[in-house]
Amino acid sequence: MPEPSAHILIVEDDAHIARGLKLNLEAEGYRATIAGDGATAVEMAIDPRQPVDLVLLDLMLPGMSGYAVCETLRNRGWEQPVVILSARTLTEDRVRGFNSGADVYLQKPFDLEELLSVVRNQLQRRRGRSEGEGNRANGKEAEAGVSDIVQFGEATVNFDTYEVRVAGREVRLTSLEMKLLRYFVEHSGSVVSRAELLSEVWGLSRVPTTRTVDNFLLNLRKVFERDPANPRHFLSVRGAGYRFVANPDESKVKAEE
């Protein structure tokens with residue numbers, strides 16, 4: 001069962017759908033609140049008096065679209081999970097949703113069990129990250145997820161707690177950026193295509209003409225590369241895709257041998 005303190009904000013202008021979501025979430029032990037428009041949703045999400053742990057976000061909203069809501073929250077430094085629930089089926093809509101800062105995109109009509117699973121997993125990831133930060137603040141090492149710690153260049157990444165440090169400073173990555181980084185790390189040294197990344201990381205069955213992957217790669221370079229214009233870890237392979245290299249010097253030696 002979820003923690004009683006988990007507060008979910010439902011942003012949906014269809015009162016029938018909103019009430020149904022609220023009823024099912026509360027049956028699972030969550031605390032749920034409804035916002036019927038985008039502007040109200042932003043105010044409620046950032047209200048420190050009623051902290052929100054996760055947002056379920058429709059895209060077609062009066063006055064302010066779901067895309068704008070997500071972008072506004074991310075621009076204000078709001079880091080909790082955002083799950084888009086939309087009847088829009090085009091790949092371009094999914095891409096735009098991810099680009100606006102969403103963590104998950106579920107298409108309406110969706111399966112209730114799938115939605116509850118997504119909510120549970122997103123909250124667990126967020127809780128794991130918060131617990132990791134608490135352990136670090138208390139001078140303690142997180143015992144769980146040690147095998148998920150990866151080091152390359154000046155970076156240390158803990159995929160279990162979502163802690164990222166580069167050259168001694170803490171860095172914040174979105175859930176999607178962490179997912180992309182993990183995919184690169186798991187396929188270190190191999191060339192992965194744009195189509196593969198869009199399918200495996202973004203969950204897109206049809207590959208659109210988009211610079212989404214390029215834009216995310218640029219973000220990773222800005223975070224992890226000493227010189228983003230001349231990357232050593234996140235490489236582009238012309239006509240093929242991308243390649244992550246954890247230890248560039250070792251790779252060079254092997255190539256020369």
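You'll find the structure just up there.
If you're wondering where the values come from, they're calculated on a predicted model, not measured in any experiment. (Residues numbered from 1 in each chain as written. Predicted model: local features only at pLDDT ≥ 70, side-chain atom pairs only at ≥ 80, totals over all residues. Heavy atoms only, no water.)

1. Side note on the sheet that holds strand β7 (residues 155-158)
The condition is simple: Two strands pair if DSSP finds at least two bridges between them. To qualify as a helix, a DSSP run of H or I must reach at least 4 residues; to qualify as a strand, a run of E must reach at least 2; elements of each kind are numbered from the N terminus. Helix axes are fitted only over the stretch in contact, all axes being lines through C-alpha atoms; the angle between N-to-C directions runs from 0 to 180 degrees. Note on contacts: a residue pair is in contact if any heavy atoms of the two residues lie within 4.5 Å.
Spatially, 4 strands are ordered β6-β7-β8-β9 in an open sheet, and the strand pairing comes out antiparallel. What marks the edges here is a single partner per strand, and that holds for β6 (149-152) and β9 (169-171). Each strand of the sheet is rotated relative to its neighbour by a mean of 20 degrees, with strand direction disregarded. Relative to strand β8 (residues 163-166), β7 runs antiparallel, the two sharing 4 bridges. The residue of β8 that forms the bridge with N158 is E163. Contacts from helix α6 (residues 175-186) reach β6, β7 and β8, with the element oriented near 105 degrees to β7. Packing against the sheet, helix α8 (residues 212-224) makes contact with β6, β7, β8 and β9, and its axis sits at approximately 60 degrees to β8.

2. Examining the packing of aromatic side chains
What counts, and what does not: Each pair of aromatic rings taken from Phe, Tyr and Trp, with Trp reduced to its six-membered ring, is defined by centres within 6.5 Å and is described as stacked if the planes are under 30 degrees apart, edge-to-face if over 60, and tilted in the remaining cases.
According to the stated counting rule, one finds 6 aromatic pairs in the structure shown. Summarising the aromatic geometry, the rings of F152 and F234 are spaced 6.1 Å apart at their centres and angled 75 degrees between planes, so their arrangement reads as edge-to-face. Residue F152 is found in strand β6, and its partner F234 is found in strand β11 (residues 234-237); the two are separated by 82 residues along the sequence. A ring pair is formed by F184 and F234, whose centres lie 5.9 Å apart and whose planes are at 80 degrees; its orientation type is edge-to-face. Here the residue F184 occupies a position in helix α6, and F234 occupies one in strand β11, the gap between them amounting to 50 residues. Site record: aromatic cluster; members linked through ring pairs are F152, F184, F224, F234 and F244.

3. Brief notes about the packing of helix α2 (residues 38-45) against helix α3 (residues 66-75)
Heads up, the condition is: In what follows, roughly perpendicular refers to angles from 65 to 115 degrees, roughly parallel to angles under 35, roughly antiparallel to angles over 145, and oblique to any angle outside these ranges. Two helices that cross are described as forming a left-handed crossing if the nearer one is turned anticlockwise from the farther one by less than a right angle, and a right-handed crossing if clockwise. Under the convention adopted here, Pro, Cys and the residues Ala, Val, Leu, Ile, Met, Phe, Trp and Tyr are nonpolar, Asp, Glu, Lys and Arg are charged, and Gly plus all remaining residues are polar.
It is at 9 Å that the axes of α2 and α3 come closest, and there the two elements cross at 25 degrees. Taken together, α2 and α3 sit at an angle that is classed as roughly parallel. When the axes of α2 and α3 are compared, the crossing they make is right-handed. Between α2, through G38, A41, V42 and A45, and α3, the contact on the second element is made entirely by V69, T72 and L73. For the contact of α2 with α3, the class distribution of residues is 5 nonpolar, 2 polar and no charged.

4. Focus on the pairing of strand β1 (residues 7-11)
To be explicit about the condition: Accessibility here uses a 1.4 Å probe with only protein chains present; expressed as a share of the type maximum, an area under 20% marks a residue as buried, one over 50% as exposed, and anything in between as partly exposed. With its strands directed away from the observer, a crossover is right-handed exactly when the path from the first strand over the helix to the second travels clockwise.
Judged by how many residues are buried, β1 sits mostly within the fold: 5 of 5 residues are covered. Every second residue of β1 is oriented toward a common face, with H7, L9 and V11 on one face and I8 and I10 on the other, all of them buried. Sheet analysis places β1 next to strand β2 (residues 31-35), joined by 5 bridges and oriented parallel. Paired with V11 across the bridge in β2 is A35. Between the parallel pair β1 and β2, the chain is carried across by helix α1 (residues 15-27), and the sense of this crossover is right-handed. Bridge count between β1 and strand β3 (residues 54-57): 4 bridges; the pairing is parallel. Each residue of the ladder has a partner; that of I10, found in β3, is L56.

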